[in-house]
Amino acid sequence: VVARRCGGVWRRVWQHGAGGPGAAPTSRGQRAAATACNARGRAAPAGKSGLAPWVPVVGLEIHAQISSNSKLFSGSQVQFAAPPNSLVSFFDASLPGTLPVLNRRCVEAAVMTGLALNCSINKKSLFDRKHYFYADLPAGYQITQQRVPIAVNGSLSYNLCIDNKMSQMVTKTVRIKQIQLEQDSGKSLHDDTRSQTLVDLNRAGVGLMEVVMEPDMCCGEEAAAAVRELQLILQTLGSSQAVMAEGQLRVDANVSVHRPGEPYGVRTEVKNINSIRFLAKAVDYEIQRQIEELENGGTILNETRAFDAKLGCTVPMRDKEGKQDYRFMPEPNLPPLILYDAKSLPANMNHQQVVNIDWIHERLPDLPSVKRAKLVERYGILPEHSFALLNEDGLTEFFENVVKQTQMKPKKVIGWILNVLLSYLKQHSLTAKESPVSSFLLADLLNLLEKKEISSTAAKQVLAELWKGEGKTPLEIVKEKKLELIQDQKELEQICQAVIDGQENEVIMMVLG
């Protein structure tokens, strides 16, 4: 057993060829999670081959669906779970003679995202055709930005917990290579019973931002943390709803391993991962699979794989197409996309007809990292509490509303929010916005507790009653259940005396011993 490091975290990990009976993780998933926590370029004991340990390398390509009422190049509506083929324009179906018209909202969303990720925005970007032949791609090509994308050279900072402890975190940064605008494809629905494939083109032409991250990560934990932070940023900006369950955020993970000091190994691409938890598992599994393959004298194929969530492993899909197979060419029906800033904007230009980078930059909202810092500074809560608040949809606003309406200090309110209310929400799979207990009712309850009119135990009983949503106030429940604290000493003495008087024999026996 040796110590290995991932994201500033030291762990006990089974080293190939070492140890005795019962020491090693028994499943491939356990071994994957362990091996993935090896640090890149860090010296460690040799494996069974006598060489230095393997160094994992992970890069990500993330497709985020742009939050827009219409598609990237057509006026068709964008709507999740609409009836099949009900939102398809002539252009989406690639009928002859139809031409693309660029959606301004999609451009603004991409610029906003690029600025939030510290990218340089290209004032002139180009569109290209990427050719490949699938049934759900009617034109036989996708319009994308392969040569000159809209944004380049950015960075994303994210945080990792040390040993799963929120109180111990390290900050890491992944470089953003580029952000490009492109079309989504349609959806193929495979009917195995009838041995046929059905095609739904509702999604065809929906605007996507592809965020390409450099291979700066080394395990599933880092990849998952980076994607979660990106998801929060997109949702804060409003550039994408980024709901992974609805396919609005899909991740392709490029994974390879190599010896320290050697060139990067052959990479595989795990496609279309639609869950942050599955992303971590897929990356860790693929790292371990490649290590075992190479340790046993095999070779790694440059291939596309998929993650099978039920089996917990990756499975091969197809050989990777090289760039030449896509036959990239300039999109002849779209001129270069020209953006302006305050300096380059012509004086006589109609502002409604251009995209002004500086105008968008001035209107950027506070990003999650800034929000966390403000929460800590304003309310005196712990940094880990600020992460918990932002990680749950609507919980920050709920907390702040409670603080405004209660006399209880924020440090005590946060305990009730995270330890009590959040457990109810998770148990019933609800967000804070869907909570049957409003911020007003919780604040009212905490006021009773702060005034010492009820105990903490009684307050939890009242919250359980409030959760039923019967329209009662905390005070009404307290009176109905007789949960008030008695603070009058004479009243307490009378109650005690009444108990003693009613149990004379027991009292005499206790006194006589």
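Residue positions are counted from 1 within each chain, in the order its sequence is given. At least 70 in pLDDT is required for a residue's local features to be given in this predicted model, at least 80 for side-chain atom pairs to be given and counted, and no such filter applies to totals for whole chains, interfaces and linings, which use all residues. Side-chain metrics in this entry use all non-hydrogen atoms of the structure; hydrogen atoms and water are not considered.

The chain is annotated in an unreviewed UniProt entry as GATB amidotransferase from Ibidorhyncha struthersii. UniProt positions are given in the numbering used here, feature names are shortened, and annotations may be inferred rather than shown by experiment. Under the Catalytic activity (unreviewed entry) heading, UniProt states for the chain: "L-glutamyl-tRNA(Gln) + L-glutamine + ATP + H2O = L-glutaminyl-tRNA(Gln) + L-glutamate + ADP + phosphate + H(+)". According to the UniProt record, the Sequence similarities (unreviewed entry) comment for the chain reads "Belongs to the GatB/GatE family. GatB subfamily."

## Thoughts on the overall build of the chain
Scanning the chain for helices and strands turns up 15 helices and 18 strands. Buried, partly exposed and exposed residues are distinguished by accessible area as a fraction of the type maximum, computed with a 1.4 Å probe on protein chains only: under 20%, between the cut-offs, and over 50%, respectively. Here the chain holds 513 residues, and the buried ones make up 46% of them. Looking at the chain as shown, the accessible area adds up to about 26200 Å², and 51% of this sits on carbon and sulfur atoms. In this description a helix means any DSSP run of H or I spanning at least four residues, a strand means any run of E spanning at least two, and both kinds are numbered starting from the N terminus. For the accessible areas, the method is Shrake-Rupley and the probe is 1.4 Å, while residue cover comes only from the protein chains on display.

## Concerning the packing of helix H7 (residues 368–379) against helix H9 (residues 395–405)
Axis definition: a line fitted to C-alpha atoms, over the contacting stretch in the case of helices. Angles run 0 to 180 degrees between N-to-C directions. The geometry of H7 relative to H9 is characterised by a closest axis approach of 13 Å and an angle of 15° between their N-to-C directions. Here H7 is positioned roughly parallel relative to H9, judged by the angle of their axes. Like other packed secondary-structure pairs, H7 and H9 cross with a definite hand, here left-handed. On H9, the residues that touch Leu-375, Arg-378 and Tyr-379 of H7 are Thr-396, Phe-399, Glu-400 and Val-403. Ten residue types, Ala, Val, Leu, Ile, Met, Phe, Trp, Tyr, Cys and Pro, are classed as nonpolar, four, Asp, Glu, Lys and Arg, as charged, and the remainder, Gly among them, as polar. Split into classes, the residues belonging to the contact of H7 with H9 amount to four nonpolar, one polar and two charged. Should an angle fall under 35 degrees it is taken as roughly parallel, and over 145 as roughly antiparallel, whereas 65 to 115 is taken as roughly perpendicular and any remaining angle as oblique. Note on convention: the crossing is left-handed when the near helix lies turned anticlockwise from the far helix by less than a right angle, right-handed when the turn is clockwise. Residues are treated as being in contact if the distance between any of their heavy atoms lies within 4.5 Å.

## Points about the nonpolar core
Among soluble globular proteins, nonpolar side chains are generally buried collectively. Within the largest apolar cluster, 69 residues are counted, with the highest numbers of intra-cluster contacts made by Leu-60, Val-111 and Met-213. Tallying contributions element by element places helix H3 (residues 220–237) first for this core, with nine residues. Excluding residues within four positions of it along the chain, Met-213 makes contact with Gly-59, Leu-60, Ile-62, Leu-156, Val-174, Arg-175, Ile-176, Ala-226 and Leu-230. By nonpolar core we mean a set of buried residues, namely Ala, Val, Leu, Ile, Met, Phe, Trp, Tyr and Cys, connected to one another through side-chain atoms within 4.5 Å. Within the second largest apolar cluster, 41 residues are counted, among which are Tyr-379, Val-402, Met-408 and Val-478.

## Looking at the packing of aromatic side chains
The relation between two aromatic rings is expressed through the spacing of the ring centres and the mutual angle of the planes. Two rings belonging to Phe, Tyr or Trp (six-membered ring only in the last case) form a pair when the distance between their centres is within 6.5 Å. Interplanar angles under 30 degrees mark stacking, angles over 60 mark edge-to-face geometry, and anything in between is tilted. Counted by the stated rule, this structure contains eight aromatic pairs. Ring geometry for Phe-278 against Phe-307: centres 5.9 Å apart, planes inclined by 50°, an arrangement best described as tilted. Within this pair, whereas Phe-278 is found in helix H4 (residues 276–295), its partner Phe-307 is found in strand S15 (residues 303–308), the two being separated by 29 residues in sequence. Residue classification places Phe-307 among the buried residues on the basis of a relative accessible area of 16%. A network of ring pairs unites the aromatic residues Tyr-132, Tyr-134, Tyr-326 and Phe-328 as a single cluster. Sitting over the face of the ring of Tyr-326, Lys-130 holds its NZ or CZ atom 4.4 Å from the ring centroid. Counting as a charge over the ring demands two things of the Lys NZ or Arg CZ atom: a distance within 6 Å of the ring centre and an angle within 35 degrees of the ring normal. Cation over ring: Arg-259 sits above Trp-54, and NZ or CZ is 3.8 Å from the ring centre.

## Remarks on the sheet that holds strand S6 (residues 128–131)
Pairing between strands requires that DSSP locate at least two bridges from one strand to the other. Pairing is antiparallel in the open sheet, where three strands are placed in the order S7-S6-S17. In the strand order of this sheet, the two ends are held by strand S7 (141–144) and strand S17 (329–330), each with one partner. Bridging between S6 and S7 involves four bridges; their strand directions are antiparallel. When the bridges of S7 are listed, Arg-129 appears paired with Ile-143.

## Let's talk about the pattern of salt bridges
Throughout this description, the term salt bridge denotes a Lys or Arg side-chain nitrogen within 4 Å of a carboxyl oxygen of Asp or Glu. One pass over the full model with this rule turns up 25 salt bridges. Of the charged contacts, one joins Arg-372 and Glu-229 as a salt bridge, the two residues approaching to 2.7 Å between their closest N and O atoms. Placement of the pair is Arg-372 in helix H7 and Glu-229 in helix H3, with a sequence separation of 143 residues. According to the relative accessible area criterion, Glu-229 is buried, its value standing at 7%.

## What about a nonpolar patch on the surface?
Here the term patch refers to residues with relative accessible area over 30% and no salt bridge, with like charges joined within 9 Å and nonpolar side chains (Val, Leu, Ile, Met, Phe, Trp, Tyr) within 5 Å. Where nonpolar side chains cluster on the molecular surface, the patch consists of Ile-486, Leu-492, Ile-495 and Val-499 and spans about 310 Å² of accessible area. Of note, Ile-495 is situated in helix H14 (residues 489–502). Note on Ile-495: relative accessible area 39%, which makes it partly exposed.

## Some remarks on the packing of H3 against H4
As a packed pair, H3 and H4 sit with axes 8 Å apart at the nearest point and diverge in direction by 150°. Comparing the axis directions of H3 and H4 gives the class roughly antiparallel. Pair H3 / H4 crosses with right-handed handedness. Contacts between H3 and H4 involve Gly-220, Glu-221, Ala-223, Ala-224, Val-227, Arg-228 and Gln-231 on the former and, on the latter, Ile-276, Leu-279, Ala-280, Val-283 and Asp-284. Partitioned by chemical class, the residues of the contact of H3 with H4 number seven nonpolar, two polar and three charged.

## What about the pairing of strand S14 (residues 268–273)?
Of the pairings in the sheet, the one linking strand S13 (residues 249–258) to S14 comprises four bridges and is antiparallel in character. The residue of S14 that forms the bridge with Val-255 is Thr-268.

## So, the confidence of the model for the chain
With 88% of its residues at a pLDDT of at least 70, the chain reaches an overall mean of 88. The predictor reports its confidence for every residue as pLDDT, a score running from 0 up to 100. Of the regions scoring below 50 in pLDDT, residues 1–47 engages in 98 contacts with residues more than four places distant in sequence or in other chains.

## Comments concerning helix H2 (residues 104–116)
For H2, spanning 13 residues, the distance from its first C-alpha to its last is 19 Å, which sits close to the expected 18 Å at 1.5 Å a residue. With respect to burial, H2 is a largely interior element, eleven of its 13 residues being buried. Listed as buried for H2 are Cys-106, Val-107, Glu-108, Ala-109, Ala-110, Val-111, Met-112, Thr-113, Gly-114, Leu-115 and Ala-116. Of the residues that open H2, the one with a side-chain oxygen 2.9 Å from the backbone nitrogen of Arg-105 is Asn-103. Expected span of a helix, by definition, is 1.5 Å for each gap between consecutive residues, and there is one gap fewer than residues. Under this definition, polar contacts are N or O atom pairs within 3.5 Å; protein pairs additionally need one hydrogen-donor-capable and one acceptor-capable atom, and for neighbouring residues in sequence, both atoms have to be side-chain atoms.

## Quick notes on unusual backbone geometry
Even without glycine at this site, Asn-118 takes up a positive phi of about 60°. Along the chain, Asn-118 turns up in the loop between H2 and strand S4 (120–121). Phi angles above zero are rare outside glycine, and Ser-195 is one such case at about 55°. Considering the arrangement of structural elements, one finds Ser-195 in the loop between strand S10 (187–191) and strand S11 (196–200). Looking at Ser-195, the relative accessible area reads 67%, which means it is exposed.

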